[in-house]
Each structure stands twice: as C-alpha cells, then as structure tokens.
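# Observations on the three-dimensional arrangement
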Amino acid sequence: MGRASSDSGEVKSGSLRSGPDFPFYAVLFGISGMYLLLIIGMLSADLWYAITTVDGARLQSLLMDKNILSSIKLTLFTCTVSALLSVLVAIPAGYLLSRYQFRGKTLLDAVLDIPIVLPPLVVGLSLLILFNKMPPWGKSFEELLGHNFTYNVPAVILAQFTVACAFAVRTMRNTFDQISPRAEQVALTLGCNRGRAFYSVVVPEAWRGISTAGTLAWTRAMGEFGPILVFAGAIRGKTEVLPSTVFLEISIGNLEGAVLISLLMVTIAVIVLVGVRIWDKGTGEQFYHD
C-alpha cells in the first residue's frame, strides 16, 4: 500500500514537471520577436522608401558615380585590413586572458573593453590627439613617422581597427574559455613546446571562434563612422567610406541616395555573414571528417 502511494506521488510529480510549456515558449518568442520585428521593420522601411522614391535612372546614376565606387572599394579594402589586424591581435590577447592568471589581469581586461563603451567620437578625438599633440614636448608621433598619417587611408584603417579589435578580443577570449586545456597539456607531455602545442592543438580547435572574430571585426569596421569622421575625415575620393557617404548624402539633402547606400551596406553585410557561415560550416565538417 505504501509502495503504491509512493509510485503515485512520483507520477504526479513527473506530470507537474512536464506540464504545458506554451506560456514559457510564448514569452521566449514574444520577447525575441519584438526585437526581430524592429530590425525587419527598419530594413523594410528603407526598402519601401527606396522603391517608391527612386527610379531606375537615378539608381543607375548613383551606382555608377565615381565617388560611390571609390567609397565601396575603399570600404572593402580598409575593412579587410582592419579585420586581419584585429584577428592577429585578438588571438594572442584572448589566449593570454583565458589561460593565464597574473597581476593586473582584471585591469587589463577592463582596458581592452574601453573602445567598446567609449562614444565613437571620443575614440576618434583620442586618436587625433595621440598622433598630433603627443608628446607635449618635441615632435608629435606623426612627425616622427615622417608621414601625414591623419586624414589619410591609414587613419581610416586605424580608426576601424581600434574599435573592431576590442570585439574580436572579447570573442577570442570566450572561444578559448570554452576549449578544454587537456589536449594542450597532453601535447606538452608528448614533447611539444608551448608554441607548437598552441599552433598544432589550440588554434585548430578555435577555428570557428577565429572565423567569428574576423567576421565580427569586418562588419564592425564597416559600420564605423564617428572615429573615422574625426581622425580621418570624410574627404571625397580620399577617405570616404560607405558610412561617410551616407553622412555626406544626408548633409546635402539627398535622402534617397543615403537610403540606397544604407541598403547597399546591409546587402554587403548579409553577403559576408552568410558566406562566412557557409564556409565555416563546410570547413568545420571537413575538419571533423578528417
């Protein structure tokens, strides 16, 4: 009799745990869906405005404009260089923060996040002061370099890199945190030095994180405007990238052109994100197959 009562209690408890989950899923999808609808709404509004206000001739003339073409080329070039530099810095920095404990680590971790939380204009202003006003005695860094760094293409790359690299470092640290150090330790016991174990064991396991960090850095660099405006300017045919083009088109009252350039940036971002995910999935499956 006591056994039957016990079994009945277990059944009732189990039925309570597996009760209807609709309210839970409704909350999840409801909250997530609100943000998704906001993004879709913004993109749909841009697309609707472009379709209803821009004719084919205007679209063709805009896409064939030499300033727009120059802006597209410069954007693709600078974003690629910035992303490569970001990954090059993020891999060792993320590994250091993930694997080692040392004095001042918390402070270092916080400093690396400063470009994320600072207003973009402040980042650009700080770079401008660094290269043109520091040190307060003797020659400035730009004079020591012997090159007009500010308001040139290198300034665009540095402004993009300064912000994008912070996101890449955070991504790589999270990646290394999720990788067990056991395989690396086994490699060390088998005679590998620390560098060989890192490149032979850790880097292949972190490949997806590296791909994500590079993609995030690239797309973040493409969206940068504030630091570029202050440090490199928005000079037509020289330092003009796509965000600068949007700003310049708005400043002369060409809202249609600004919307079309914005849609072009969205298209480029989607192509990059989808392409990298497909490539990453293919290389990941090949890696696990091998």
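Higher on the page you've got the structure.
Reference entry: report on the structure contained in this document. (Residues numbered from 1 in each chain as written. Predicted model: local features only at pLDDT ≥ 70, side-chain atom pairs only at ≥ 80, totals over all residues. Heavy atoms only, no water.)

### Comments concerning the overall build of the protein
When you go through the protein residue by residue, the secondary structure sums to 15 helices and zero strands. Per-residue burial for the protein yields a buried fraction of 35% across its 290 residues. The contacts in the protein between residues at least 6 apart in sequence include a share of 74% that link residues at least 24 apart. Entry remark: accessible area of the protein is about 17,500 Å², with carbon and sulfur atoms responsible for 69%. (Helix = DSSP H or I, 4+ residues; strand = E, 2+ residues; numbered from the N terminus. Buried < 20%, exposed > 50% of the residue type's maximum accessible area, 1.4 Å probe, protein only. Contact = heavy atoms within 4.5 Å. Areas by Shrake-Rupley, 256 points an atom, 1.4 Å probe, with all protein chains shown as cover.)

### Topic: the environment of N152
As for its position among the elements, N152 is in the loop between helix 8 (141-145) and helix 9 (153-177). Residue N152 is classed as buried on the basis of its relative accessible area of 15%. Counting along the chain gives 79 residues from N152 to F231, while the straight-line C-alpha distance between them is 8.9 Å. Sequence-distant contacts of N152, that is, excluding residues within four places in its chain, are made with A232, K238 and T239.

### Section: unusual backbone geometry
Most peptide bonds are trans, and most residues other than glycine sit at a negative phi. Of note, Y151 is a non-glycine position whose phi angle comes to about 60 degrees, a positive value. The residue Y151 is located in the loop between helix 8 and helix 9 in this model.

### Overview of the pattern of salt bridges
In the structure shown here, the tally under the stated rule is nine salt bridges. Its salt-bridge partner being R220, residue E224 comes within 2.9 Å of it at the nearest N-O pair. In the salt-bridge network here, residues are joined through shared partners; they are D109, D113, R170, R173 and D177. (Salt bridge = Lys/Arg side-chain N within 4 Å of Asp/Glu carboxyl O.)

### A short note on the packing of aromatic side chains
Here the structure, examined in full by the defined rule, presents eight aromatic pairs. On the numbers, 5.4 Å between centres and 80 degrees between planes, the contact of Y95 with F176 is edge-to-face. Note that Y95 is positioned in helix 4 (residues 66-99) and F176 in helix 9, a separation of 81 residues in sequence. Each of the two residues, Y95 as well as F176, counts as buried. Centre to centre, the rings of F225 and F247 are 5.2 Å apart; their planes meet at 45 degrees, and the pair counts as tilted. Taken together, the positions of F225 in the loop between helix 12 (207-222) and helix 13 (226-231) and F247 in helix 14 (residues 242-251) put the pair 22 residues apart, joining distant regions of the chain. A relative accessible area of 37% places F247 in the partly exposed class. (Phe/Tyr/Trp six-rings, centres within 6.5 Å; stacked < 30°, edge-to-face > 60°.)

### Quick look at the layout of surface pockets
As a volume, the largest pocket reaches approximately 620 Å³. If you go around the largest pocket, you meet 21 residues; those closest to its centre are T219, R220, M222, A269 and L273. Breaking the lining of the largest pocket down by element, the ones donating at least two residues are helix 2 (22-53), helix 12 and helix 15 (255-289). In terms of residue class, the lining of the largest pocket is made up of eleven nonpolar, six polar and four charged. (1 Å grid on protein atoms, 1.4 Å probe; cavity = no way out; pocket = protein on both sides within 12 Å on 5 of 7 lines; lining within 4 Å. Points joined across faces, edges and corners; volume = space filled by probe spheres on them. Nonpolar A, V, L, I, M, F, W, Y, C, P; charged D, E, K, R; others polar.)

### Things to note about the packing of helix 7 (residues 120-132) against helix 9
In a packed pair of helices, the relevant descriptors are the angle between the two axes and the axis-to-axis distance. Two numbers describe how helix 7 lies on helix 9: the axes approach to 11 Å, and their chain directions differ by 125 degrees. The pairing of helix 7 with helix 9 is recorded here as oblique in orientation. By crossing handedness, the relation of helix 7 to helix 9 is classed as right-handed. Facing helix 7, whose interface residues are V123, L127 and F131, helix 9 presents L158, A159, T162 and V163. For the contact of helix 7 with helix 9, a count of residues per class yields six nonpolar, one polar and no charged. (Axes fitted to C-alpha atoms, helices over the stretch in contact; angles between N-to-C directions. Parallel < 35°, antiparallel > 145°, perpendicular 65-115°, else oblique. Left-handed = near helix turned anticlockwise from the far one by under 90°.)

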